[in-house]
Amino acid sequence: MLVGALGLQATQALAQEFPPKKNITMVVGFVAGGAADTGARIIAKRLGENLGVSVTVENKAGAGGNIAHQFTATGPADGSVLLLGSVGPLAIAPHMMKLPYDPVKDLAPLTMAMNFPNVLVVDPGAGIKTFADFIATARKNPGKLTFASTGPGSASHLSGELLNDMAKLDTVHVPYKGGAAALQDVLGGRVTGWFATMATAAPHIEAGKLIALASTGTQRLATLPKVPTVAESGFPGFNATNWYAFVASSKVPKPVLDRWNTELVKVLTTPDVVEQLNKHGLTPMPGTRDELGRYMASESAMWGRVIRERKIVGD
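No experiment lies behind these values; they were computed from the predicted model shown. (Residues numbered from 1 in each chain as written. Predicted model: local features only at pLDDT ≥ 70, side-chain atom pairs only at ≥ 80, totals over all residues. Heavy atoms only, no water.)

Trainee: In this structure, what is going on with the sheet that holds strand β5 (residues 119-122)? I would like to understand it.
Mentor: As a general point, the strands of a sheet are linked pairwise by backbone hydrogen bonds and lie either parallel or antiparallel. The mixed open sheet is built from five strands, whose spatial order is β7-β6-β8-β5-β9. Looking at the sheet topology across the chains shown, the edges are occupied by β7 (172-175) and β9 (211-215). With strand direction ignored, the average angle separating the axes of adjacent strands in the sheet is 30°. The sheet contact formed by β5 and strand β8 (residues 193-196) spans four bridges and is antiparallel. In the sheet register, V122 faces β8, and the bridge partner there is G193. Contacting β6 (146-149), β7 and β8, helix α7 (residues 155-167) crosses the sheet at an angle of about 150° to β6. (Pairing = 2+ DSSP bridges. Helix = DSSP H or I, 4+ residues; strand = E, 2+ residues; numbered from the N terminus. Axes fitted to C-alpha atoms, helices over the stretch in contact; angles between N-to-C directions. Contact = heavy atoms within 4.5 Å.)

Trainee: Can you walk me through unusual backbone geometry in this structure?
Mentor: Negative phi values dominate among residues other than glycine, just as trans dominates among peptide bonds. In the segment running from F18 into P19, the intervening peptide bond is cis, with an omega of -10°. By the secondary structure assignment, P19 is in the loop between α1 (2-15) and β1 (24-28). Of note, the phi angle at A63 is positive, near 55°, even though the residue is not glycine. Looking at the secondary structure, you find A63 in the loop between β2 (55-59) and α3 (66-73). Unusually for a residue other than glycine, K168 sits at a positive phi of about 60°. Position of K168 among the secondary structure elements: in the loop between α7 and β7. With a relative accessible area of 68%, K168 lands in the exposed category. (Buried < 20%, exposed > 50% of the residue type's maximum accessible area, 1.4 Å probe, protein only.)

Trainee: Can you help me understand the pairing of β6 in this one?
Mentor: Burial of the side chains of β6 extends over both faces: T146 and A148 are buried on one face and F147 and S149 on the other. Across four bridges, β6 lies against β7 in parallel orientation. Counterpart to A148 in the pairing with β7 is V174. For the crossover that starts at β6, traverses α7 and ends in the parallel β7, the hand is right-handed. Relative to β8, β6 runs parallel, the two being bridged by two bridges. By the bridge assignment for β8, A148 is matched with W194. (Right-handed = clockwise from strand over helix to strand, strands pointing away.)

So yeah, pure geometry; function would need other evidence.
Rendered as structure tokens:
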């Protein structure tokens, strides 16, 4: 009996070893160059320095981020795989399509990472200069204006659908595998607009290659003080923030999950990391595991209502 107990303790100690005696993988559900990838690389660098281990960012793009989430949900149970999860797979996609994993049961919350609004941008060649122009053009040409997204069920997708609903528009959703791919087609004039992250759009707005029409949060962006919010532009109550949160496989032992919360919060509150993220329009929002769990549940409930009302299904 004693031998069995000692064996169990040894197994638990090994399973709860922190950090795991192997390279740490930080999975991102989108291609390199977008907001998620940018934030992940900033965080991974400092995390690796703090722990004295290698933290590698691995991009697993596709299906609006669901491929990365499934990979993490079914991955190693030793805590060596972290996922910078996103609002789409964690709170939106479950209401739109049948998933091969359950975000609530198969993924464990670690901490909120970043929360920020998107900004509606258009190619200057579209002849649209203001948000009012966009609305007027869309109403005069139902089914003609298009908007890009980083995949079905992503925040950029649902922002467009919410605007369609509130403004009674008929703009057409065009999904991509990530921000970089969407950006190229908006810049090339092949898609009218995009609810983009500032991390991706800012350099092109500054260069005059994209026109910022409106932001999707409750307050104007500090980096774009002259650009109104959708809410103040005739659609009060419009609020569609984008967020990324760290999660891991729910099979990982609780002590390891708790340690990851501690280490990630430490990174997300480090002044130079905060400064780097802010420069890309990303606002760190670290917190407890329970706080993230409650936030994910509230976001899921809100977007579930929008999806049912709009009768949206996965593309």
